[in-house]
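# Overview (structure and organization)
Listed below are the residues making up each chain.
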Amino acid sequence: MKKYIGIDLGGTNVRVALVNEKGEILEEIKRVSQSDLGPVKVLDNILDMVSALKGKEEAVAVGVGIPGPGDQEKGCITIATNLKDFAYFPVVEYLSQRLNLPVYMDNDANVAGLAEALVGSGKGEQVVYYITHSTGIGGALVVNGRVVSGRYGYAGEVANIIVERNRPKLNHLNAGAVENWASGTAIVMQGKERISEDITSAQHVFELAQEGNEIAEEIINNMIEDFAIMLSTISHTCDPFVYVIGGGVS
């Protein structure tokens, strides 16, 4: 049975695994992604993780999931919200030259959505919509076992869906974009602004909400409503048979 190396690169953590063709994880290593240190540092860290896999020499190819819309011809992402200086960096070339293996890369939500549709919670369903609710918010539309990417690779992306147009513009996304108000990063940002500068994670805000902190409760409740508005928008467009939701915030 063939074996492969899977790389899940996120804005907060990175996981490297050896898997077989059934999707079974044989080995797994997790580290902090070091996303603020630039592509060379991040990718060299990944290469070090791959070298630590005991069965790495048995792998016949590498698959990479990365946050951001991907350019398959150039082997890069075109927008990097959570990974400093990654836009247009030749990720596929950098890794394939050093690993001496074929490397395939796509948006992290796309590859997660495909896995869920083929062997996971959406198996057997005609239309699966996968949402990753983590450092950012991503999406993937899978129809009859194939990811719908669109002309420029933006199909399925949901981070820029507007949930409230009158909110302030924060970055390159639309004013009121769901990622800026309902992602893990957004929860931390609001926690720092409204509760304490000591807030370091979305989990911290959830814990405060469970303890009865009214501001934390409000932040979480607003996040839930914004996330629901996003799902409603998707439903009116795609009407999926099933949603599969993953990621650290979920």
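In case you missed it, the structure is sitting above this.
Throughout what follows, the structure given in this document is the object of discussion.

What follows deals with the overall build of the protein chain. Within the protein chain, the regular secondary structure consists of seven helices and 11 strands. Computed over the C-alpha atoms, the radius of gyration of the protein chain is 18 Å, within 12% of the 18 Å expected from 2.2 N^0.38 for a compact globule of 250 residues. Counting only C-alpha atoms and orienting by the principal axes, one finds that the protein chain spans roughly 55 × 40 × 35 Å. The contacts in the protein chain between residues at least 6 apart in sequence include a share of 52% that link residues at least 24 apart. Within the structure as shown, the protein chain displays about 12,900 Å² of accessible surface, and the carbon and sulfur contribution to it stands at 49%. Positive and negative charge centroids in the protein chain, built from 20 and 32 side chains respectively, lie 7 Å apart.

Our next topic: the packing of helix H6 (residues 202–210) against helix H7 (residues 214–238). Following both chains from N to C, one finds H6 and H7 inclined at 115°, their axes separated by 8 Å at the closest point. Where H6 crosses over H7, the handedness of that crossing is left-handed. On H7, the residues touching Val205, Phe206, Leu208 and Ala209 of H6 are Ala216, Glu217, Ile219, Ile220 and Met223. Taken together, the residues that form the contact of H6 with H7 break down as eight nonpolar, no polar and one charged.

To continue, consider the pattern of salt bridges. What the rule picks out here adds up to five salt bridges. Linking Arg15 and Glu28 is a salt bridge whose minimum nitrogen-to-oxygen distance equals 3.7 Å. Of this pair, Arg15 sits in strand E2 (residues 13–20) while Glu28 sits in strand E3 (residues 25–32), placing them 13 residues apart in sequence. By relative accessible area, Arg15 is classed as partly exposed at 31%.

For the rest of this paragraph, the subject is the packing of helix H1 (residues 39–51) against helix H2 (residues 91–99). Running from N to C, H1 and H2 cross one another at 35°; their axes reach a closest spacing of 11 Å. Viewed along their axes, H1 and H2 form a crossing whose handedness is right-handed. Of the residues in H2, those touching H1 at Val40, Leu43, Asp44, Leu47 and Val50 are Val91, Tyr94, Leu95, Arg98 and Leu99. Of the residues contributing to the contact of H1 with H2, the split by class is eight nonpolar, no polar and two charged.

What counts as what
Residues numbered from 1 in each chain as written. Predicted model: local features only at pLDDT ≥ 70, side-chain atom pairs only at ≥ 80, totals over all residues. Heavy atoms only, no water. Helix = DSSP H or I, 4+ residues; strand = E, 2+ residues; numbered from the N terminus. Rg over C-alpha atoms; globule rule 2.2 N^0.38 Å. Contact = heavy atoms within 4.5 Å. Areas by Shrake-Rupley, 256 points an atom, 1.4 Å probe, with all protein chains shown as cover. Lys, Arg positive; Asp, Glu negative; His and termini not counted. Charge placed at Lys NZ, Arg CZ, Asp CG, Glu CD. Axes fitted to C-alpha atoms, helices over the stretch in contact; angles between N-to-C directions. Left-handed = near helix turned anticlockwise from the far one by under 90°. Nonpolar A, V, L, I, M, F, W, Y, C, P; charged D, E, K, R; others polar. Salt bridge = Lys/Arg side-chain N within 4 Å of Asp/Glu carboxyl O. Buried < 20%, exposed > 50% of the residue type's maximum accessible area, 1.4 Å probe, protein only.

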